[in-house]
Amino acid sequence: MVNLNLPLKSIPRITPKYVRVLEKLGVFTMKDFLFYFPFRYDDFSQIVSISEDYLNQVITVEGKIIKTKLNRIFRRKMSIVEIIIETENNIPLKAVWFNQPFILETLKEGVEVRLSGKLILDGKKFSMNSPAWEKSSRDMTNTGRLIPVYPQTSGITSKWIRWQMKMLLEPLGHPMSKWTSDVLIDILPAEIRKKYNLYDIYTTLSQIHFPDSKEKLIRAQKRMAFQEMFLVQLKTIQIKKEFAEKNSTGIKFDEKLIQNFVSHLPFKLTNAQRKASFEILKDLEKPRPMNRLLNGDVGSGKTIVSAISVLQTISAGYQTAIMAPTEVLARQHFESFCEIFKDYGINIALLTNSYRKINNFQFSIFNFQSIFNEKILKNKKNGREYLLKNIANAKINLVIGTHALIQKDVRFGNLALVIIDEQHRFGVTQRATLQQNIPRESASSPRESAQRVPHLLTMTATPIPRTLAIAFFGSLDLSILDEMPKNRKPIITKIITPSERNKIYEFIKSEIKKKRQIFVILPLIEESLSESMVDVKAVKAEHERLSREIFPEFKLGLLHGKLKAKEKETVMKDFSDKKIDILVSTSVVEVGIDIPNATVMLIENSERFGLTQLHQFRGRVGRGTEQSYCFLFTAENSVPTSVPTLVPTRLKILEKTNDGFEISEADLKLRGPGQFFGTLQSGLPDIAMEHLSNVKLIKFARAEAQEILKLDPKLKGHPLLADALKKFSEKIHLE
Ligand code: ADP
Ligand code: MG
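Residues numbered from 1 in each chain as written. Chains lettered and ligands numbered in written order. Predicted model: local features only at pLDDT ≥ 70, side-chain atom pairs only at ≥ 80, totals over all residues. Heavy atoms only, no water.

Draft legend 1. Just the overall build of the protein chain, in detail. Secondary structure assignment for the protein chain yields 26 helices and 23 strands. Relative to its 735 residues, the protein chain shows a buried fraction of 53%. Here the contacts in the protein chain between residues at least 6 apart in sequence split such that 73% fall between residues at least 24 apart. Accessible area of the protein chain: about 35,200 Å², with a carbon and sulfur share of 53%. (Helix = DSSP H or I, 4+ residues; strand = E, 2+ residues; numbered from the N terminus. Buried < 20%, exposed > 50% of the residue type's maximum accessible area, 1.4 Å probe, protein only. Contact = heavy atoms within 4.5 Å. Areas by Shrake-Rupley, 256 points an atom, 1.4 Å probe, with all protein chains shown as cover.)

Below, the structure is given as structure tokens:
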């Protein structure tokens, strides 16, 4: 009896060397291995008799080997294997492989083989270069069908994985197998599978690894997507429910106060801002915690909307905390809120943790009643303690900071509202974790307020298409700022061909002479989540080139992901203080950073970015009163890259519109949600992501999740699901 939860180590045919590689890929058990999915398929399913009709097509042919040859070219340390097979219609076919002499150990004269590859002509003879091959007597595993191609790391090939997968899958499907019922358990209830005509788990896995046809493959992928989405929905509904059962402080809407505040703003609120503010204020009135997402493009004015809720909360006598993903952003919020509330006598503190090693908190306090004074704080040896004491006794009304805010020793006196800015930077699915970590009130009367949790407002500047919003933020209520302040000058966006490069450089010089500042952004060269040394080299080289050859008279700064946090901070600060004219950077530029004086955003190889990301970069300029520009450079002969590129014509959408929601919808259609959410680290497998544009699937998954939880909120009657959900939550919490 084999247990699929046993570690790979226990399978003798998988040697320790392979176990190590697989473990690096996160594959520890046989079950993990079964769920290690291909990322694409080679279509070798066209099995034909050879003829000219198939030239330059990928086909599969069978035949007997009539000749083999091994050429060694010692000078170049190279070997070439050449075989000739005779196919059923007596036409010879040559096949050639480089540096794989071991092939001849299997492919000997007289052996019947099956070859899959592109049919070409070598002189007048039919030929294939490096075709996939296997003996005809074997099951079609590497040829003659849709062939799975797995994400590879060194030390492991798709061919090897296919082989192992086959050995693992076959006995599971055997009718006599006890394993199927005992171990490969289907977590999707049979009724649901039946209702939506979904494959059972065994068929799903076999068709994903060895699809009999494209149709069956898609059906299997849909079933996986449904399952993942179903779990996501169960989780979000549960979170929403748990949240709704908690108590919170009802904060009465003081219309006069808010009207007065709004009327003294230097601008008129947009209708979208009004509506969102009202939705939030209404939520705050309830004795149940608000859980709302404020989604609005860069520059749509989220800060002031959040400020309205802050003012209402503080005026009612409670504290508010604002958490930002980076130091720079936290500091910028601190400055903004000090300015916004300068006439209100509100005490505001900044709390960040920039030097984690020595655990030295940075902080400052702002207020106009001079209860606290920054100088005094700085002189105090244990200023941090002093600060924490005044957060705990609620003398500080508003605390702004980074993750430092959710550290254990930070206790609030009467915290009633938490605002999280640029929440996607914390990871989409990490949200749940953040909610659980929200600092609780340090209860004055423990019994009464022990259960009370603060209201929660999260904000994101990535315009999220509706479908995705439902899928990922099902546990949240949504407020959308889909309208830009009127005074905004739309950023002029232009796609620049290589021949126009110098013209743009001249234009940039004239802008700098007007004391404006410039961003230059370079894409990542390799496809990876973080920057590699190659990227750093490229950005350094460009910085060097621009400094020496193009802009020798100006000051250039350099920013990339390999810099230490402190170094990054210094560069950003210098740019912000106008000590730098041009900032050359990889795509690490902080979301939300405000440099009103920057008027030009120049993006190299812009075809390598997604539209949404380009739009985000563009949002770094156009924050002041001057006309701003975004130049999208495209390369005609760009360096080969593994990153899928956007055809420059697609970039035209950016020239046409500044509307982030329109752009993100277009991006979703063009590249699918996987790419779209790539930067947001959804934590979902690609397979689920691919089918996310399928609105129906999400709706059905949600409906079924609701149905199940209605009858069985704690999933007591569905232990399999409960267990899968627990594992699933752990997985998505980890990122
Ligand atoms: P974001 O949504 O990116 O956080 P901000 O809140 O930082 O945007 O707002 C960007 C700028 O627009 C700020 O300088 C803010 O004062 C200004 N602003 C906000 N609302 C309006 C409005 N209704 N009219 C004019 N300017 C506004
Ligand atoms: Mg903002």
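There's plenty left to go through after this.
Draft legend 2. Broad picture of the site of ligand 1. Inspection of the region around ligand 1 gives 16 residues, with Lys-268, Gly-299, Lys-302, Thr-303 and Arg-488 positioned closest. At 2.8 Å from a nitrogen atom of ligand 1 is found a main-chain nitrogen or oxygen belonging to Lys-268. Within the backbone of Gly-301, a nitrogen or oxygen atom sits 3.1 Å from an oxygen atom of ligand 1. Here ligand 1 has 560 Å² of accessible area as a free molecule, and 77% of this is covered by the chains. Its residues assigned to classes, the shell around ligand 1 shows 4 nonpolar, 7 polar and 5 charged. (Near = heavy atom within 4 Å. Polar contact = N/O pair within 3.5 Å; in protein donor to acceptor, adjacent residues only side chain to side chain. Nonpolar A, V, L, I, M, F, W, Y, C, P; charged D, E, K, R; others polar.)

Draft legend 3. Inspection of unusual backbone geometry at higher detail. Here the phi dihedral of Asn-99 falls at roughly 55°; this positive angle occurs in a residue that is not glycine. Summarising the element assignment, Asn-99 is placed in the loop between strand E4 (92-98) and helix H3 (103-106). The residue Ser-130 is not glycine, and still its phi comes out positive at about 45°. By the element assignment, Ser-130 lies in the loop between strand E7 (125-129) and strand E8 (132-135).

Draft legend 4. The side chain of Thr-599, seen in detail. Mapped onto the secondary structure, Thr-599 falls in strand E22 (residues 598-603). Reaching out from Thr-599, the side chain makes a polar contact with the side chain of Glu-511 at a distance of 2.8 Å. With sequence-adjacent residues up to four places away left out, Thr-599 is seen in contact with Glu-511, Arg-516, Gln-517, Val-621, Glu-626, Gln-627, Ser-628 and Tyr-629.

Draft legend 5. Just the nonpolar core, in detail. By size, the foremost hydrophobic cluster in this structure holds 41 residues, and its most contacted members are Phe-261, Val-310, Phe-337, Phe-341, Ile-348, Leu-398 and Ile-400. Elements that contribute at least two residues to this core include exactly helix H9 (255-263), helix H10 (271-285), helix H11 (302-315), helix H12 (327-340), strand E12 (348-355), strand E14 (398-401), strand E15 (415-420) and strand E16 (455-460). If you tally residues by element for this core, the top one is H11, at 7 residues. The contacts of Phe-341, once residues within four sequence positions are left out, are Phe-261, Ala-307, Val-310, Leu-311, Ile-346, Ile-348 and Leu-398. (Core = buried A, V, L, I, M, F, W, Y, C linked by side-chain atoms within 4.5 Å.)

Draft legend 6. Region of the structure containing the packing of H10 against H11. Their axes nearest at 9 Å, the elements H10 and H11 cross at an angle of 30°. In terms of their interaxial angle, H10 and H11 are classed as roughly parallel. H10 and H11 meet at a crossing whose hand is right-handed. Between H10, through Gln-273, Ala-276, Ser-277, Ile-280, Leu-281 and Leu-284, and H11, the contact on the second element is made entirely by Ile-304, Val-305, Ile-308, Ser-309, Gln-312 and Thr-313. Of the residues that constitute the contact of H10 with H11, the class distribution is 7 nonpolar, 5 polar and no charged. (Axes fitted to C-alpha atoms, helices over the stretch in contact; angles between N-to-C directions. Parallel < 35°, antiparallel > 145°, perpendicular 65-115°, else oblique. Left-handed = near helix turned anticlockwise from the far one by under 90°.)

Draft legend 7. Representation of the sheet that holds strand E23 (residues 629-633) in the model. Across the sheet, which stays open at both edges, the 6 strands sit in the order E18-E23-E22-E19-E21-E20 with parallel pairing between neighbours. The sheet is open, and its two edges are formed by strand E18 (492-496) and strand E20 (556-559), each paired on a single side. Taking each pair of neighbouring strands and ignoring which way they run, the sheet shows an average axis angle of 15°. In this structure, E20 lies alongside strand E21 (residues 582-585), joined through 4 bridges in parallel fashion. (Pairing = 2+ DSSP bridges.)

Draft legend 8. Here's a closer look at the packing of aromatic side chains. One pass over the structure, following the stated rule, counts 20 aromatic pairs. Here Phe-261 and Phe-341 contribute two aromatic rings whose centre-to-centre distance is 6.1 Å and whose plane-to-plane angle is 40°, an arrangement assigned as tilted. Highlighted residues: Phe-261 in helix H9 and Phe-341 in the loop between H12 and E12, separated in sequence by 80 residues. For Phe-341, a relative accessible area of 1% corresponds to the buried category. Linked through ring pairs, Tyr-196, Phe-226, Phe-230 and Phe-700 together constitute an aromatic cluster. The positively charged end of Lys-17 is found above the aromatic ring belonging to Tyr-18, 5.0 Å away from the centroid. (Phe/Tyr/Trp six-rings, centres within 6.5 Å; stacked < 30°, edge-to-face > 60°. Lys NZ or Arg CZ within 6 Å of the ring centre and 35° of its normal.)

Draft legend 9. Broad picture of the sheet that holds strand E5 (residues 112-118). Taken together, the 7 strands give an open sheet; going across it, the order is E6-E7-E4-E3-E2-E5-E8, and neighbouring strands pair in mixed fashion. The open sheet terminates on both sides in strands that have one partner only, identified here as strand E6 (120-122) and E8. With direction set aside, neighbouring strand axes in the sheet form an average angle of 40°. The sheet contact formed by E5 and E8 spans 4 bridges and is antiparallel. The residue bridging Arg-114 from the neighbouring strand is Glu-134, located in E8.

Draft legend 10. Focus on the confidence of the model for the protein chain. Model confidence for the protein chain is summarised by a mean pLDDT of 82, while 82% of its residues fall at 70 or above. Throughout residues 355-362 the model reports pLDDT below 50, and contacts reaching past four residues in sequence, or to other chains, amount to 18 contacts. Note on residues 441-449: pLDDT is under 50 here. Beyond four places in sequence and across chains, it has 13 contacts. (pLDDT = per-residue confidence, 0-100.)

Draft legend 11. Spatial organisation of the side chain of Ser-277. Among the secondary structure elements, Ser-277 is positioned in helix H10. With residues up to four places along the chain from it excluded, the contact list for Ser-277 reads Val-305 and Ile-308.

Draft legend 12. Local environment of the pairing of E16. Most of E16 is tucked away: 6 of the 6 residues are buried. Side chains His-455, Leu-457 and Met-459 of E16 all project onto a buried face; the interleaved residues Leu-456, Thr-458 and Thr-460 project onto the opposite face, where all are buried too. Pairing of strand E10 (residues 291-296) with E16 involves 5 bridges; the strand directions are parallel. Bridge pairing in E16 places Leu-294 opposite Met-459. Bridging between E15 and E16 involves 4 bridges; their strand directions are parallel. When the sheet's bridge partners are listed, Leu-417 is paired in E16 with His-455.

Draft legend 13. How the structure looks around helix H19 (residues 533-550). Look at H19: 25 Å from first C-alpha to last across 18 residues, which is about the 26 Å you get at 1.5 Å a residue. Looking at the packing, one finds that the buried side of H19 touches helix H18 (501-513), strand E19 (517-521), E20 and E21. (Expected span 1.5 Å × (residues − 1).)

Draft legend 14. Spatial organisation of the packing of helix H7 (residues 201-209) against helix H8 (residues 214-244). Running from amino to carboxyl end, H7 crosses H8 at an angle of 125°, the nearest separation of the two axes being 8 Å. Between H7 and H8, the angle is such that the two are oblique. At the point where H7 passes H8, the crossing takes the left-handed sense. For the pair formed by H7 and H8, the contact residues are Ile-201, Thr-204, Gln-207 and Ile-208 on the first element and Lys-216, Leu-217, Ala-220, Gln-221, Arg-223, Met-224 and Gln-227 on the second. Along the lines of polarity and charge, the residues of the contact of H7 with H8 split into 5 nonpolar, 4 polar and 2 charged.

Draft legend 15. A look at the environment of Ile-495. Following the sequence through the fold, Ile-495 ends up in strand E18. When its relative accessible area of 19% is taken as the criterion, Ile-495 is described as buried. Separated by 135 residues in the primary sequence, Ile-495 and Cys-630 place their C-alpha atoms 8.6 Å from one another.

Draft legend 16. Summary view of a positive patch on the surface. Together, Lys-108, Lys-135, Arg-138 and Lys-159 make up a region of like positive charge exposed at the surface. Residue class for Arg-138 comes out partly exposed when judged on its relative accessible area of 44%. (Patch = residues over 30% accessible without salt bridge, like charges linked within 9 Å, V, L, I, M, F, W, Y side chains within 5 Å. Salt bridge = Lys/Arg side-chain N within 4 Å of Asp/Glu carboxyl O. Lys, Arg positive; Asp, Glu negative; His and termini not counted. Charge placed at Lys NZ, Arg CZ, Asp CG, Glu CD.)

Draft legend 17. A look at the environment of Ser-206. Checked against the element boundaries, Ser-206 lands in helix H7. Each C-alpha atom, one on Ser-206 and one on Gly-173, is 8.7 Å from the other, the two residues being 33 residues apart in sequence. What Ser-206 contacts, discounting residues up to four positions off in sequence, is Leu-169 and Pro-211.

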